[in-house]
Amino acid sequence: MLVFRRYMNNALRNFNYLLACEHSRQAIALDPLDGDAMVALAQQHDLTIKLIINTHEHHDHIEGNPAVQAATGAPVWAHENARIPNQAHGIKAGDWIELGTMRLQALHTPGHTPVHLCLLAPASEYDEVPLLFSGDTLFNACAGNCKNGGNVDDMYDSFVSQLMPLPDDTLLYPGHDYMKNNLGFALDREPENTMAAYWQDQVALLGEDDMPVMTLGQEREYNPFLRLHADAMRQRLREQFPDLGDSDRDVFKALRRLRDQW
Ligand SMILES: [Zn+2]
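What the protein chain contains, in helices and strands, is nine helices and 13 strands. Relative to its length of 262 residues, the protein chain is compact, with a C-alpha radius of gyration of 18 Å against a globular reference of 18 Å. Its C-alpha atoms give the protein chain principal-axis dimensions of about 55 × 40 × 35 Å. Relative to its 262 residues, the protein chain shows a buried fraction of 52%. Long-range contacts, defined here as pairs at least 24 residues apart, represent 59% of the contacts in the protein chain between residues at least 6 apart.

Here it is in structure tokens:
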């Protein structure tokens, strides 16, 4: 699969994606914000956008739908319970989305919003490693927020049941570029984490369009929300919150609460 990631240079630091089959040149516009830019990008690479998919209903993930639709006629697909203008099809948990040689499975990952989807392309004869398009559920070095219609217990459940089991070599394509700030948070939680410090140095001088594509294995080395068992992090949390429960859920929720104030 061809993946084109574009940084939108907006206050919310969105990434837009074009996913394409290199044989048929058919493409999916994922979470278009600047629809004209996505259409131009497709033309530049001789791709035809056949489908628009929104991971969730927030405005910064759907605003480019009309422009892409006007230029291509591509239908809008999203979770079956999403209410997105002009939505033509409701995706159910576990559904497969196939276009050319692309095969993407829809993971229903509530938490950021109740209808949030991640898309997973398993390793195949066309892709050596799995690819995860995680929207606002999993970010580099963080989990998505649960402030605008979300639920942190659902987010924890989505992480445990669907994201944590994915293989280490899975490539992570999140919906926003928050990596630098998130690594700061990760280091605040685990000051001795050498991988968080290493990557903070690595990305310090990079522009938003040059941010590295990380694997889940790498994320497991510094993302606090994937490191719920890390002793140093738990100990530091307990010093701040003496009443904190022992469960992974308690740790996850405490981290998310702290990140909201970061
Ligand atoms: Zn969102």
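Read across the open sheet, the five strands follow the order β7-β8-β9-β10-β13; overall the sheet is mixed. With one partner strand each, in any of the chains shown, β7 (96-99) and β13 (171-174) form the two edges of the open sheet. Averaged over all neighbouring strand pairs, the angle between strand axes comes to 25°, with direction disregarded. The pairing of β7 with strand β8 (residues 102-108) spans four bridges and is classified as antiparallel.

Let's shift gears to the coordination of the zinc ion. For the zinc ion, the protein coordination sphere consists of His56 (NE2), His58 (ND1), His112 (NE2) and Asp136 (OD), at 2.2 to 2.4 Å. Positions of the donor residues of the zinc ion, expressed as sequence spacing, correspond to H-x1-H-x53-H-x23-D. Residue His58 is found in the loop between β4 (48-53) and α2 (59-62), and its partner His112 is found in the loop between β8 and β9 (117-121); the two are separated by 54 residues along the sequence. Considered together, His58 and His112 belong to a single accessibility category, that of buried residues.

Here we take up the side chain of Arg259. On the secondary structure map, Arg259 appears in helix α9 (residues 248-261). The buried charged residue Arg259 lacks any salt bridge partner; its closest oppositely charged side chain belongs to Asp260, at an N-O distance of 6.5 Å. At a separation of 2.8 Å, a polar atom in the side chain of Arg259 contacts the side chain of Asn182. If sequence neighbours within four positions are ignored, Arg259 has contacts with Cys142, Asn181, Asn182, Phe185 and Phe225.

Right, let's get into the sheet that holds strand β5 (residues 76-79). One open sheet accounts for six strands, arranged β1-β2-β3-β4-β5-β6; its pairing is mixed. Looking at which strands have only one partner, the edges of the open sheet turn out to be β1 (2-7) and β6 (87-91). Ignoring strand direction, the axes of neighbouring strands in this sheet form an average angle of 25°. Helix α1 (residues 35-44) contacts β1, β2 (15-20) and β4 of the sheet and is inclined by roughly 35° relative to β2.

As a rule of thumb, soluble globular proteins bury nonpolar side chains together. If you look at the biggest cluster of nonpolar residues, it comprises 29 residues, and the most contacted ones within it are Leu132, Leu138, Phe159, Phe225 and Phe252. Of all the secondary structure elements, the ones that give two or more residues to this core are β9, β11 (138-139), β12 (142-143), α4 (152-163), α8 (231-240) and α9.

What follows covers the pairing of strand β3 (residues 26-30). The buried fraction of β3 is high, at five of five residues. The alternating pattern of β3 places Gln26, Ile28 and Leu30 on one face and Ala27 and Ala29 on the opposite face, and all of these are buried. Bridge analysis of β2 against β3 gives four bridges, and the strand direction is antiparallel. By the bridge assignment for β3, Leu18 is matched with Ala29. What sits between the antiparallel neighbours β2 and β3 is a turn of five residues, in which Arg25 has the positive phi angle 65°. Across five bridges, the pairing between β3 and β4 is parallel. Paired with Leu30 across the strands is Ile53, a residue of β4.

Okay, the side chain of Asn54 next. If you trace the backbone, Asn54 turns up in the loop between β4 and α2. A polar atom in the side chain of Asn54 sits 2.8 Å from the side chain of Asn65.

Three or more residues of α1 are buried, namely Gly35, Met38, Val39, Leu41 and Ala42. The buried residues of α1 occupy an angular sector of 160° when projected down its axis, which confines them to one face. Across α1 from its buried face, at more than 90 degrees, point the exposed residues Asp36, Gln43 and Gln44. Buried residues in α1 make contact with β1, β2, β4 and α3 (65-72). The residue sitting at the N-terminus of α1 and contributing the capping side-chain oxygen is Asp34; that oxygen lies 3.3 Å from the backbone nitrogen of Asp36. Positive phi appears at Asp46, one or two residues downstream of α1, with a value of about 60°.

Scoring rules and cut-offs
- Residues numbered from 1 in each chain as written.
- Predicted model: local features only at pLDDT ≥ 70, side-chain atom pairs only at ≥ 80, totals over all residues.
- Heavy atoms only, no water.
- Helix = DSSP H or I, 4+ residues; strand = E, 2+ residues; numbered from the N terminus.
- Rg over C-alpha atoms; globule rule 2.2 N^0.38 Å.
- Buried < 20%, exposed > 50% of the residue type's maximum accessible area, 1.4 Å probe, protein only.
- Contact = heavy atoms within 4.5 Å.
- Pairing = 2+ DSSP bridges.
- Axes fitted to C-alpha atoms, helices over the stretch in contact; angles between N-to-C directions.
- Donors = N, O, S within 2.8 Å, 3.2 Å for Na, K, Ca; no water.
- Lys, Arg positive; Asp, Glu negative; His and termini not counted.
- Salt bridge = Lys/Arg side-chain N within 4 Å of Asp/Glu carboxyl O.
- Polar contact = N/O pair within 3.5 Å; in protein donor to acceptor, adjacent residues only side chain to side chain.
- Core = buried A, V, L, I, M, F, W, Y, C linked by side-chain atoms within 4.5 Å.
- Arc of directions from axis to C-beta.

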